[in-house]
Amino acid sequence: MSDVKPIINAQYFPSQFVSDAEKRTETFGLRIGQAIQYEWFRRDSGSARYYSQWRDFHRLRLYARGEQSVQKYKNEMAVNGDLSYLNLDWTPVPILPKFVDIVVNGMSDRFFKIKAHAQDGMSMAKRSRYQDMIETQVAGKELFENLQKTMGINGFTMDPESLPESDDELQLYMQMNYKPAIEIAEEEAIATIMEDNRYSDLRKRIDYDLTVLGIGMAKHSFYPGEGVRVEYVDPANVVYSYTEDPYFKDCFYWGEIKTVPITELKKIRPDLTTEQLSEISKYSQSWYDYYNVGEFYDNSLFRNDSVTLLFFNYKTTNTFTYKKKNLDSGGARVIEKDENFNPPAEMMEEQGFEKISRTIDVWYDGVMVMGTEVVLKWQLMENMVRPKSASQHAIPNYVACAPRMYKGNIESLVRRMIPFADLIQLTHLKLQQVIARVVPDGVFLDADGINEVDLGNGQAYSPEDALRLYFQTGSVVGRSYTQDGEFNNARVPIQELNSSSGQQKMAALIGNYNHYLGMIRAVTGLNEARDGTVPDSRSLVGVQKLAALNSNTATRHVLDASVYITKSMAEALTCRISDILEYAPYKEEFITQIGRYNVSILDEIKDLYIYDFGIFIEVAPDEEEKNQLEQNVQMALQKGDINLEDAIDIREIRNIKMANQLLKLKRRKNLENLQSQEMQKQQMTIQGQMEAQRAAAQTMMMKVNAQAEADMRVKQAEVAFDIERIKAEVEAKATLMEREFSYNIELAKAQGQVLSAREEAREKEKAKRIGMQNTQQSKLIDQRKNNLPPISFESNEDSLDGFDLAEFEPR
């Protein structure tokens, strides 16, 4: 026992509103470290929060390995603490390791690829210009084709056959074919760092922790002599501020407990003296005696020459002050000042400058010896991970995820299975107990039934001889009557004894065993279709696949947590790569290292720090998704909608959604090509028919022309005959007309003479009549004037108006 006691005083976190100079003091860092120590290592009811968590995680890991303590089972089986009558094998049944391996190895099979998407203004402008170029090519496709045909000028900048034809096809084309060199460079840089740090092996350990403990952690850091490092972190050794966020985004401090040889302290703080190291050693021994995880290991290193350190990060704010001087040329000069820079307003106005302040989030890095007041390191963290954005937040070095956290309590798959694993172990022990008590079947031997049996050889027939005869031949010799002649009730002197073999108890225990095994499957979702159990022969293949898919869905949160940690780590590495290229002295070495994979991206790597990236994780599809895609591909192949080359291209795409879109695009294009070929066939058929019809029409026309010529000749002959006939008729008619004309002339002359005579007579009579009327009119005028008596104008002639009535008399 050491003569000193560990220092664990009640300490709370200092105020955030003190000056930056005070935050940089070791006293401030010591208060932070002691506050973390008090929160996690103070003893409440004989235990501390850190050790309770450590024991809990240790217990979960033992169960996951099938190495849990058997003391609780002994307590269950003992009678008043006495185990002297039990001779059992207490080795735990390794049930849980099987289910843990199923989940972890299943996640390891899900390969992923980190995709970088440049989202800064420069990259977006390049992407927009490229898309505009494609749209221009699409819009002018017909014009460029005509230009190439007529003038021989190729206006295409890309293959016209690969040009998209719709907006959806354009978006798919941009996703699949447009990959700027800067994104390729970023992806290669991230892949290089992860490969150098063997992240694939670290990811397996993280997946194991997510399954067993319910939480997984990793750490990224930058060492001047080593570069960027990605490290696995044991969650049992980590302390953090209280949070209810499963992604730990609101934690303001992180810490990691490490027990290291005391000689390592000189590497952290070289100015430590021998006396200081001796004093620290005393406190370290006291800390071990106080309560330390080293007690679980039988190793003197943890007691004599070791020390427990707290490596912690603390998040606070830092104010940066600048003096901005306005120049006569219109520009400005900015000079960084300390926080005490506070000139009067009159001075700033007179000299033409102003004070500018900016407050940002920062992380401090510290190392404290547990149980002491010794701070080995406290400084503003170098190479903080800070995204290039308007927000001034800094990313912590630790990345963690606990997908099933509630009120700070972490739940895991192994924690769900422990109650039933204990019941399975107890059932297994009970089954051993029943088997141990099973006795073999025996026989009942009636001594009176074989007494004095005469075998005919003169020897006595003893029970031993009877048993030997019975076991060798299955036969036995007995007596029905005794020597006194009385009836012997034991007619069969040897009978088998069927003892209680415990079959019913064993069957009941095996039933319980299977029931608890089924309960493990029920609470975790790891059904028979996934845990390797032989499926029911009566189950359909589709039902088995659906059961496996449901099992994968039940544990999807573990895979999502692993993908989140990988994505967050890649985002942090993106910022660190920019810092390397901008500040690190071995920038050229890193660029050369990247060049191992692709020499063409070296120039892009040099300008990587001016870009901003979004990181996405492209997870390989699971078997069910692959089967669904393969079914679609096979169906399209059978129908002839796609060819073998298209199927190969589709299968190579990891993104199932994009693969299905490509399948639809290929299918639509092939259908269009088939329709175009069919239309060409139809046009060729129609053209052939038209040519045949044209030839038939020409033949028919020739026949018609020949027939027409023959008919024409006949018509010409008929016309000529008609002309001759008409000419004769004309001549005859002309002669008759001449005669008729002469007769008509003579007749007209005669009629004219008659009419002339008649007109002359009529005019004469008219003149007479007019004269008579005038005479009578004058007489009437005279009568009216002289008032004479009436005058009678009776006609003296039988004619009216020169028309003689005598003409109507009979002749």
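It should be emphasised that the depicted structure is a prediction, and the values quoted were computed from it without experimental measurement.

What counts and how
- Residues numbered from 1 in each chain as written.
- Predicted model: local features only at pLDDT ≥ 70, side-chain atom pairs only at ≥ 80, totals over all residues.
- Heavy atoms only, no water.
- Helix = DSSP H or I, 4+ residues; strand = E, 2+ residues; numbered from the N terminus.
- Contact = heavy atoms within 4.5 Å.
- Areas by Shrake-Rupley, 256 points an atom, 1.4 Å probe, with all protein chains shown as cover.
- Buried < 20%, exposed > 50% of the residue type's maximum accessible area, 1.4 Å probe, protein only.
- Salt bridge = Lys/Arg side-chain N within 4 Å of Asp/Glu carboxyl O.
- Core = buried A, V, L, I, M, F, W, Y, C linked by side-chain atoms within 4.5 Å.
- Axes fitted to C-alpha atoms, helices over the stretch in contact; angles between N-to-C directions.
- Parallel < 35°, antiparallel > 145°, perpendicular 65-115°, else oblique.
- Nonpolar A, V, L, I, M, F, W, Y, C, P; charged D, E, K, R; others polar.
- pLDDT = per-residue confidence, 0-100.
- Phe/Tyr/Trp six-rings, centres within 6.5 Å; stacked < 30°, edge-to-face > 60°.
- Pairing = 2+ DSSP bridges.

Visitor: I would appreciate a short explanation of the overall build of the protein in the present structure.
Guide: The secondary structure content of the protein amounts to 24 helices and 17 strands. Partitioning the contacts of the protein with sequence separation of at least 6, the portion at a separation of at least 24 is 73%. For the protein, the accessible surface area stands at approximately 49200 Å², while carbon and sulfur atoms represent 52% of it.

Visitor: Explain unusual backbone geometry here, please?
Guide: Both trends apply: most residues other than glycine have a negative phi, and most peptide bonds are in trans. One non-glycine residue, R198, lies in positive phi territory at about 55°. The topology assignment puts R198 in the loop between helix 9 (181-196) and helix 10 (199-212). Positive phi is not limited to glycine here, since K407 has a value of about 55°. Its place among the elements puts K407 in the loop between strand 11 (405-406) and strand 12 (409-410). Its relative accessible area of 44% is what places K407 among the partly exposed residues.

Visitor: Is there a simple way to think about the pattern of salt bridges in this case?
Guide: It is possible for side chains of opposite charge to pair when their charged atoms get near one another. All chains considered together, the criterion is met by 19 salt bridges. Here D209 makes a salt bridge to R61, at a shortest N to O gap of 3.3 Å. In this pair, D209 sits in helix 10 while R61 sits in helix 3 (residues 49-65), placing the two residues 148 residues apart along the sequence. Between E67 and R65 there is a salt bridge, and its shortest N-O distance comes to 3.0 Å.

Visitor: Teacher, can you tell me more about the nonpolar core here?
Guide: Nonpolar side chains tend to gather and get buried jointly when the protein is soluble and globular. With 107 residues, the main nonpolar core has F41, Y240, F248, W254, V414 and I565 as its most contacted residues. The greatest single-element share of this core, amounting to 12 residues, is contributed by helix 19 (residues 556-583). Each residue touching V414, except ones within four places of it in the same chain, is listed here: L60, Y63, A64, L96, V100, T211 and V212.

Visitor: Explain the packing of helix 3 against helix 5 (residues 96-108) here, please?
Guide: A packed helix pair is summarised by two numbers, namely the angle formed by the two axes and the spacing between the axes. At a minimum axis distance of 6 Å, the contact between helix 3 and helix 5 shows a crossing angle of 95°. When the interaxial angle is binned, helix 3 and helix 5 end up roughly perpendicular. For the pair helix 3 and helix 5, contact is made by Y63, A64 and R65 and by L96, P97 and V100, respectively. For the contact of helix 3 with helix 5, the residue count by class is 5 nonpolar, no polar and 1 charged.

Visitor: I would appreciate a short explanation of the confidence of the model for the protein in the present structure.
Guide: When pLDDT is averaged across the protein, the result is 78; 79% of the residues are at 70 or more. Counted against residues more than four places away or in other chains, residues 537-550, with its pLDDT under 50, gives 12 contacts. Taken together, the stretch residues 796-800 has pLDDT below 50 and engages in 9 contacts with residues farther than four places along the chain or on a different chain.

Visitor: Can you walk me through the packing of aromatic side chains in this structure?
Guide: Here the distance between the centres and the angle between the planes together describe a pair of aromatic rings. One pass over the full model with this rule turns up 19 aromatic pairs. Here the aromatic rings of F13 and Y314 are separated by 6.2 Å at their centres, their planes lie at 10°, and the arrangement is stacked. Pair noted here: F13 is in the segment before helix 1 (20-23) and Y314 is in strand 6 (residues 306-326), with a separation of 301 residues, a long-range link. According to the relative accessible area criterion, F13 is partly exposed, its value standing at 26%. Taking 6.4 Å as the distance between ring centres and 65° as the angle between the ring planes, the aromatic pair formed by F28 and Y314 counts as edge-to-face. Placement of F28 in helix 2 (residues 26-41) and of Y314 in strand 6 is noted, with a sequence separation of 286 residues between them. In this pair, the class of F28 matches that of Y314, namely buried.

Visitor: Please explain the sheet that holds strand 2 (residues 216-223) as it appears in this structure.
Guide: Two orientations exist for strands paired in a sheet by backbone hydrogen bonds: parallel and antiparallel. Ordered by their spatial adjacency, 3 strands build an open sheet running 3-2-10, and the pairing between neighbours is antiparallel. Two strands lie at the open edges of the sheet, namely strand 3 (227-232) and strand 10 (398-401), each paired on one side alone. Each adjacent strand pair in this sheet contributes to an overall mean axis angle of 15°, direction not counted. For strand 2 and strand 3, the ladder comprises 6 bridges, and the chain directions are antiparallel. Among the inter-strand pairings, H220 is bridged to a residue of strand 3, identified as V230. Where helix 10 meets the sheet, its contacts fall on strand 2, strand 3 and strand 10, and the angle it forms with strand 3 comes to roughly 30°.

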